[in-house]
Amino acid sequence: MREVVNSYEQDFYAWTQKQARLIKQKSFEMIDVVHLEEELESMGASEQRSLESKLTQLIMHMLKLKNQPDYINTKSWIRSIKFQRNDIARILKHSPSLKPKIGKLVDDVYENAVLMAANENGLDEDMFPGSCEWSSKQILDAKFFPE
């Protein structure tokens, strides 16, 4: 077991390759189950954090677009909204089990999106609604843009 721990701690890439090889060889008794479990859980958490980050950026730009429609750089915000939606669609394509969590994630990231929108444009954060005014469907809809 000490050799496995050293391999995991000293050369993560080599450890992953060895674990993959052991699985392919069906040498299950040799697999570093403890670290493999940790890494699998971490991978799932990482996917969700990526989705949260994309949702935060998306909502931030939607808020800026709605609250400053005459701002000179709205085309940039629209492109950013499209970009984030494309990235979110890609994440959900590869991890469809995250889709039912979108509503909760929107609630979780909304406050940060408001703070970021206010900070980037020098707006008062109190000018934004206390909770997200758009449904998950609207947020992800490629044709929906706040007015």
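Details of the structure are given in the entry above.
Residues numbered from 1 in each chain as written. Predicted model: local features only at pLDDT ≥ 70, side-chain atom pairs only at ≥ 80, totals over all residues. Heavy atoms only, no water.

Draft legend 1. Up close: helix 5 (residues 102-121). In a regular helix each residue adds 1.5 Å, so 20 residues correspond to 28 Å; helix 5 covers 26 Å between its end C-alpha atoms and thus fits that length. At Val 109, helix 5 is bent by approximately 40°, the largest bend along its length. Those residues of helix 5 lying buried are Ile 102, Leu 105, Val 106, Val 109, Tyr 110, Ala 113, Val 114, Ala 117, Ala 118 and Asn 121. Residues of helix 5 that are buried sit in contact with helix 3 (33-67), helix 4 (74-94) and helix 6 (136-140). With its phi angle positive at about 65°, Gly 122 sits one or two positions after the end of helix 5. (Helix = DSSP H or I, 4+ residues; strand = E, 2+ residues; numbered from the N terminus. Expected span 1.5 Å × (residues − 1). Bend = angle between axes of the 7 residues up to and from the residue. Buried < 20%, exposed > 50% of the residue type's maximum accessible area, 1.4 Å probe, protein only. Contact = heavy atoms within 4.5 Å.)

Draft legend 2. Examining the nonpolar core more closely. Counting residues in each nonpolar core, the largest one holds 28 residues, and the members touching the most others are Leu 51, Leu 55, Ile 59, Leu 63, Trp 134 and Ile 139. Put simply, the parts of the chain that give this core at least two residues each are helix 3, helix 4 and helix 5. In this view, Leu 63 contacts Tyr 110, Ala 113, Val 114, Ala 117, Phe 128 and Trp 134; residues no more than four positions away in its chain are not counted. (Core = buried A, V, L, I, M, F, W, Y, C linked by side-chain atoms within 4.5 Å.)

Draft legend 3. Representation of unusual backbone geometry. Of note in this structure, Lys 26 is not a glycine but carries a positive phi near 60°. With respect to the helices and strands, the residue Lys 26 is situated in the loop between helix 2 (12-24) and helix 3. A relative accessible area of 59% places Lys 26 in the exposed class.

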